[in-house]
Amino acid sequence: MQGLQEIPISTSCEPAKFEYTKRSYAEMFQVLQSLRQHEVLCDIKLETDDGTIIFGHKVVLASASQYFQAMFTHFAEKNKDLVVIRELDSITLQLLVDFIYSGKIMVTENNVQNLLPAANLLQLQEIKEACCGFLQTQLHFTNCLGVKALADLHSCPQLLTSSELYIKQHFLDVIEGDEFLSLSSDQVVKLISSDELAVPYEEKVFECVIRWVTHELDSRQCMLPQLMEHVRLPLLSKNYILTKVIEEPLLNNGLCKDYIMEALNFHSLGSDQLIGSTPKNIRTKPRLGDKVILVVSGSGHFENRTEWYDPKIKQWQFGPEMTLCRVKAGLAVLKNNFVFAMGGHSCGLPVQTVNVLDLSSELPCWESSVDMLVKRSKLGVGVINNCLYAVGGYDGANTLNSAELFDCSTQEQHMVSSMCTRRADFGVGVLNNLLYAVGGYDYSTSQRLNSVECYHPSLDTWIPLAEMHVCRNDVGVGVLDGVLYAVGGGNRFGALKSVEAYSPATGVWTTIADMRLPRQNAGVVALDGLLYVVGGWNFLDVHNSVEVYNPNTNTWSMLEASMNVPRRLALVIERPAHF
């Protein structure tokens, strides 16, 4: 008959089977919830301290909570129809039982501090995770210490880690709140002893300790020596120690006085006494994440010695010794720890070798890396998105305009588009993920350059930009607050002390205040809103002095602390733990 479909019949000897899976259990739980609300078939009543009775079914509660499962199968409550739960208030317990039957719950800032411990008690892991996720989104400097205590008390490792990180990163705001004043002495010690504390000046740590002690002076004054052990007094400025710390009457005891004398002695040490030394205790060790200026080139018998400047203590100290000696190499830092020395020349000949220094290792030393594709001395180097760019330079016969890329993630390298202009002895800066080549010298034409061009990695294209006002070879280039600076350099009359600034927004170069000294081939780095110009030379001498530019006042000042030896080429890194 038409319209009828033939039903296939199995010819197998085995019985036919078809498994059907229920699409949703929602209807079932709606029925169970309705039965509970109408107190139908309920076999358990949960009573809270305020006398509230919450009805339920043992099998439903046990299926959702290991706490109830153990209670109704292994303990005396399995034979009872009324159980008193004193640990929870009625509103919180009602929310959790409703969740077991409905699968829904509303977590708010008003109930989360009750829900989290209740979910932990009843072993409702989903609710516990929901509470932790909610608290993580609500972290603020006014509540982060309380959230951390809650996470620690109820074994929430992810929330604990997040809150601890937030506290360290927002330390200056956290210590101004009332929560900080309620911490125990052990909690304060744990906080201020952290190497990862984000504090621009150690003075703030000292001030928060005094504030905490003063809040309950009678009971806390005896704890001050224990706290001062973890305040890094040597990292405070000498003037602050003399005017604030010494004058603090609370520190008029033997152990605290010893810490003050230790700090003053540290400031009285000369550079020669600090050379090669390592911190003897936690108080003389800058915190991780602090920025320092690392200089990796020198002169004479110090040529292989790195040196670094810490703006907190305003001192230069020697760092790891380099086992590599090369001149006119390109230098770049990757991920704050890996310093790359690329090309340059050795024994008068350009090389294409690359070495890397891992400053995070206990015994930093230079290791060989992948050679460049082209021999390059007097080149420019920049880092964009984990890729090293080696640009231009001199191969011993010709000035180069070629450029190459080395991807540090994949260890792959290839040539990229060549510059519009051949250039060596030029400056390179990276701004907004674009590579800028500034000035330089063309040995083929004996011409100094004032031209500038910019490389767009996504387009693999170099674009000429506005020319500088002055030709500059061996020019230092730095980037600060979205502005590219061309600092000093040389021309046919000698080393320059003039400086120009380029803003991509305007597309023009502007002359700013001159440096105090003419400097060619100086290192230029940005640190804490200032531009540091390190070393360099003036055709006669290599400088060991440093100048600092403040863009807010358009003024230069000499850094009080000079390097231990004359230097060129500087990089900024986060301070490794072992320095």
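Labelled according to an unreviewed UniProt entry, the protein chain appears under the name Kelch-like protein diablo, originating from Acyrthosiphon pisum. Under the Function (unreviewed entry) heading, UniProt states for the protein chain: "Probable substrate-specific adapter of an E3 ubiquitin-protein ligase complex which mediates the ubiquitination and subsequent proteasomal degradation of target proteins. May have a role in synapse differentiation and growth." Recorded under Pathway (unreviewed entry), the UniProt text for the protein chain is reproduced unchanged: "Protein modification; protein ubiquitination."

(A) Quick peek at empty space enclosed by the protein. Summed over the entire model, instances satisfying the criterion amount to one cavity of 30 Å³ or more. Roughly 60 Å³ of internal volume is contained in the largest cavity. What lines the largest cavity is a set of 13 residues, among which M342, V354, M372, F406 and Q413 lie closest to the centre. For the lining of the largest cavity, the secondary structure elements donating two or more residues are β14 (387–394) and β15 (399–407). Its residues assigned to classes, the lining of the largest cavity shows nine nonpolar, two polar and two charged.

(B) Spatial organisation of the pairing of strand β5 (residues 305–310). For β5, the buried fraction is high: five of the six residues fall into the buried class. Looking at chain direction, strand β4 (residues 291–295) and β5 are connected through three bridges and run antiparallel. Residue pairing across strands places I293 opposite Y309, the latter belonging to β5.

(C) Here's a closer look at the pattern of salt bridges. Tallied over the full model, the rule gives 14 salt bridges. Put simply, E164 and K190 hold a salt bridge, and the shortest N to O gap is 3.7 Å. Highlighted residues: E164 in helix α8 (residues 157–169) and K190 in helix α11 (residues 185–192), separated in sequence by 26 residues. Residue K190 is classed as exposed on the basis of its relative accessible area, which comes to 52%. Here D195 and R232 are joined by a salt bridge, their closest N and O atoms 2.7 Å apart.

(D) Spotlight on the layout of surface pockets. The calculated volume of the second largest pocket comes to roughly 930 Å³. Taken together, 34 residues form the lining of the second largest pocket, with D310, P311, K312, I313 and K314 sitting closest to its centre. Within the residue set of the lining of the second largest pocket, elements represented by two or more residues are β5, β28 (530–534), β29 (546–550) and β30 (555–558). Classifying every residue of the lining of the second largest pocket by side-chain character gives 17 nonpolar, seven polar and 10 charged.

(E) Structural view of helix α6 (residues 125–137). The end-to-end C-alpha distance of α6, which contains 13 residues, comes to 19 Å, matching closely the 18 Å that a straight helix rising 1.5 Å per residue would cover. Every buried residue of α6 is accounted for by I127, K128, C131, C132 and L135. Seen end-on, α6 carries its buried residues on one side only, within an arc spanning 135 degrees. With respect to the buried face of α6, the exposed residues turned more than 90 degrees away are E126, E129 and T137. Structurally, α6 contributes buried residues whose contacts are with α4 (90–102), α5 (112–122), α7 (144–153) and α8.

(F) How the structure looks around the sheet that holds β29. Overall, antiparallel pairing links the four strands, which are arranged β27-β28-β29-β30 in an open sheet. The open sheet has two edge strands with one neighbour each: β27 (523–527) and β30. Across the sheet, the mean angle from the axis of one strand to that of its neighbour is 25 degrees, orientation sign disregarded.

(G) Up close: the side chain of R36. Residue position: R36 is located in helix α1 (residues 26–37). At a separation of 3.4 Å, a polar atom in the side chain of R36 contacts the main-chain carbonyl oxygen of F55.

(H) Looking closely at the sheet that holds strand β25 (residues 499–503). What the four strands build is an open sheet, ordered β21-β22-β25-β26; its pairing is antiparallel. Single-partner strands in this sheet number two, and they are β21 (476–480) and β26 (508–512). Strand-to-strand twist across the sheet, computed as the mean angle between neighbouring axes with direction ignored, equals 25 degrees. The sheet contact formed by strand β22 (residues 483–487) and β25 spans four bridges and is antiparallel. Note on β25: the bridge partner recorded for Y485 is A501.

(I) Main features of α11. When α11 is considered as a whole, its buried residues turn out to be S185, V188, V189, L191 and I192. Buried residues of α11, viewed axially, fall in a sector of 165 degrees; they line one side. In α11, the exposed residues that point more than 90 degrees away from the buried face are D186 and K190. Where α11 is buried, its residues contact α8, α9 (171–174), α10 (178–181), α12 (203–215) and α14 (224–228).

Cut-off values and rules
- Residues numbered from 1 in each chain as written.
- Predicted model: local features only at pLDDT ≥ 70, side-chain atom pairs only at ≥ 80, totals over all residues.
- Heavy atoms only, no water.
- UniProt positions renumbered as here; feature names shortened; annotations may be inferred.
- 1 Å grid on protein atoms, 1.4 Å probe; cavity = no way out; pocket = protein on both sides within 12 Å on 5 of 7 lines; lining within 4 Å.
- Points joined across faces, edges and corners; volume = space filled by probe spheres on them.
- Helix = DSSP H or I, 4+ residues; strand = E, 2+ residues; numbered from the N terminus.
- Nonpolar A, V, L, I, M, F, W, Y, C, P; charged D, E, K, R; others polar.
- Buried < 20%, exposed > 50% of the residue type's maximum accessible area, 1.4 Å probe, protein only.
- Pairing = 2+ DSSP bridges.
- Salt bridge = Lys/Arg side-chain N within 4 Å of Asp/Glu carboxyl O.
- Expected span 1.5 Å × (residues − 1).
- Arc of directions from axis to C-beta.
- Contact = heavy atoms within 4.5 Å.
- Axes fitted to C-alpha atoms, helices over the stretch in contact; angles between N-to-C directions.
- Polar contact = N/O pair within 3.5 Å; in protein donor to acceptor, adjacent residues only side chain to side chain.

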